[in-house]
Amino acid sequence: MPMQHPPMKHWLTAMFLALGLAAHGPLLQAAEATQPSLKISYAIDGDALPGNSMSGNETDLWQRIRAGFRLPVSSPELTQAHERWFRDRTGNLERVIERSRPYLYHIVDEVARRDMPMEIALLPIIESAFNPMALSPRQASGIWQFIPSTGKVFGLDQNGWYDGRRDVVQATKAALDYLQKLHGMFGDWELALAAYNCGEGCVARALTRHGGKDYAALNLPAETRNYVPKLVAVRNIIQDPAAYGVQLAAIPNEPYFMPIRLKRPIEARTAARLAEMSLEDFTALNPGFQRRVIHTDTRDVLLLPADRVETFQFNLHRQGLDKGTLETYAAKKGESLSRIADRFNISVAWLKEHNPLNLWRGKLTRTQELVVPKAVAAKPAAKVKVSMDSARPRAVTRKHTVRKGETLMQLARHYNVKVLDIQRLNDITDKIKPGMELDIPAAG
């Protein structure tokens, strides 16, 4: 199911929490004071909070978007052709617009802050259908469709842990930086958009051949010639959706998400559980992390819906900041993956799932940093007298995250323990489910 936009009251609660004014504000301070190893800070986008000339008193984001439309209709025939295309596929367009819901306010706010035409906020509709995981045959990725080289030029890191091209906040900044640079080069937003599609060299050559700056008259590749008219067609539909048979659901004119800064890695599934979100919804807001690990040495900011920030902070404080977080391990070239797994009481499969590895015959081919579960000192066992029938299983030796298709019987055989011991230690009686984190007792 699509994520629902947080109501205003939750956004205000989260904002006051960030400023230390909410009723639960001391929880944040207490967490940092008692567990300084994992610092959480709430960073409201500094340029997004202050009002701008376009926001006014509108409560519907679409009203704010319409107020900023500026592009001309330079190619009426092409624009009308694209309008007809979208009119025949209203269902597709409505699904794309619904997919934009978590991201659109942030993009609109950035476009308004830079005083750019508001049509640009709709550009991901035609670039990627607002799919942050979109990947083109040319390896262009993310909602703004950056190819690897251009992404690096505009500061988007790309490595085995993280791809900034899929990070909605970072990629939006890079895309708008690029478009402003192109506008500075050509002095015209239509030409800037054309260059975003086919490159500045392509547009510069077309201008040299033509001797003028009329976008519609330039001899451009077919895709680029249709690029701006398609965007203008989307603009026209947003301007008057009823005329095209489009159902446009209201989107509140308020931030959807808030960034949270971490100092230690954490599994995405753990972060989602703490925020009481589905992993799918969490990943949709944090698609830049490639291994489903928030790897703080690469990128230490994750996004949460504004109405989930307080829940995340409360649950993290309640369970303890050490539990569920990860730490880094500097692995040396030639180390055996199985030996590393044994050292940290995890499986080789876990290591492969959570780390981008360079292996040959089960050994690392280079020195690299791995993430592993944080070692927590075991508490001394209480001395109690129990009967054999009520005996608890032996001490925990490792954690296991349940994968799809696994059963208690399979886990018991794998770890050489009894099913009953796993059940007792984890207080479970029914079937296990993917994503569950289980304590595994000592074998023997």
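About the thresholds
- Residues numbered from 1 in each chain as written.
- Predicted model: local features only at pLDDT ≥ 70, side-chain atom pairs only at ≥ 80, totals over all residues.
- Heavy atoms only, no water.
- Helix = DSSP H or I, 4+ residues; strand = E, 2+ residues; numbered from the N terminus.
- Contact = heavy atoms within 4.5 Å.
- Areas by Shrake-Rupley, 256 points an atom, 1.4 Å probe, with all protein chains shown as cover.
- Phe/Tyr/Trp six-rings, centres within 6.5 Å; stacked < 30°, edge-to-face > 60°.
- Buried < 20%, exposed > 50% of the residue type's maximum accessible area, 1.4 Å probe, protein only.
- Core = buried A, V, L, I, M, F, W, Y, C linked by side-chain atoms within 4.5 Å.
- Axes fitted to C-alpha atoms, helices over the stretch in contact; angles between N-to-C directions.
- Parallel < 35°, antiparallel > 145°, perpendicular 65-115°, else oblique.
- pLDDT = per-residue confidence, 0-100.

Q: Where do I start with the overall build of the protein in this structure?
A: When you go through the protein residue by residue, the secondary structure sums to 19 helices and 11 strands. Summarising the internal contacts of the protein: among those between residues at least 6 apart in sequence, 71% fall at separations of at least 24. Accessible area of the protein: about 21,900 Å², with a carbon and sulfur share of 51%.

Q: How do you make sense of unusual backbone geometry when you look at a structure like this?
A: Residues other than glycine predominantly adopt negative phi, and peptide bonds predominantly adopt the trans conformation. Of note in this structure, Asp115 is not a glycine but carries a positive phi near 55°. By secondary structure assignment, the location of Asp115 is in the loop between helix H6 (101–113) and helix H7 (123–128). One non-glycine residue, Ala129, lies in positive phi territory at about 55°. Within the secondary structure, Ala129 is located in the loop between H7 and helix H8 (148–153).

Q: For this particular structure, what's the right way to read the packing of aromatic side chains?
A: Ring pairs (aromatic) are described by centroid distance and by the angle formed between their planes. Taken as a whole, this structure holds 7 aromatic pairs when the rule is applied. Considering the side-chain rings of Phe146 and Tyr196, the 6.4 Å spacing of their centres and the 75° angle between planes classify their relative orientation as edge-to-face. Of this pair, Phe146 sits in the loop between H7 and H8 while Tyr196 sits in helix H10 (residues 189–198), and the two are 50 residues apart along the sequence. You can call Tyr196 buried: its relative accessible area is 10%.

Q: Whenever I open this one, the nonpolar core confuses me. Can you help?
A: One broad rule of soluble globular proteins: the nonpolar side chains tend to lie buried together. Ranked by size, the top nonpolar core spans 68 residues in total, and within it Ile120, Leu123, Ile125, Trp144, Leu179, Leu193 and Tyr196 carry the most contacts. Contributions of two or more residues to this core are made by helix H3 (61–66), helix H5 (90–99), H6, H7, helix H9 (168–186), H10, helix H11 (200–210) and helix H12 (222–239). Take this core: its biggest share by element is 10 residues, from H9. In contact with Leu179, other than residues within four places in its own chain, are Met116, Ile120, Leu123, Trp189, Ala192, Leu193 and Tyr196. Listed in part, the 36 residues of the second largest apolar core include Trp161, Ile294, Leu302 and Leu326.

Q: For this particular structure, what's the right way to read helix H19 (residues 419–426)?
A: It helps to recall that an α-helix has 3.6 residues per turn; residues three or four apart then point in one direction. Those residues of H19 that fall on the buried side of the exposure criterion are Asp421, Ile422, Gln423 and Asn426. In this fold, the buried residues of H19 make contact with helix H18 (408–415) and strand S11 (437–441).

Q: Explain the packing of H18 against H19 here, please?
A: Any two packed helices are characterised by the angle at which their axes cross and by the distance between the axes. H19 packs onto H18 with a crossing angle of 105° between their chain directions and a minimal axis gap of 8 Å. The orientation of H18 relative to H19 falls into the category roughly perpendicular. Only Val419, Ile422 and Gln423 of H19 make contact with H18, whose side of the interface consists of Leu408, Met409, Leu411 and Ala412.

Q: I tried to follow the confidence of the model for the protein on my own but got confused; where do I start?
A: As a general rule, the predicted coordinates of low-pLDDT regions are not to be interpreted in detail. With 80% of its residues at a pLDDT of 70 or more, the protein has an overall mean of 80. Low pLDDT, under 50, characterises residues 1–55; the predicted model gives this stretch 112 contacts beyond four residues in sequence or across chains. Here residues 376–394 is a poorly scored stretch, pLDDT under 50, and it has 15 contacts once near neighbours within four places are set aside; other chains count.

Q: Quick question: what am I supposed to make of the environment of Ala174 here?
A: Checked against the element boundaries, Ala174 lands in helix H9. Separated by 30 residues in the primary sequence, Ala174 and Trp144 place their C-alpha atoms 9.0 Å from one another. Leave out the neighbours within four places in its chain, and Ala174 touches Phe146, Phe154 and Leu156.

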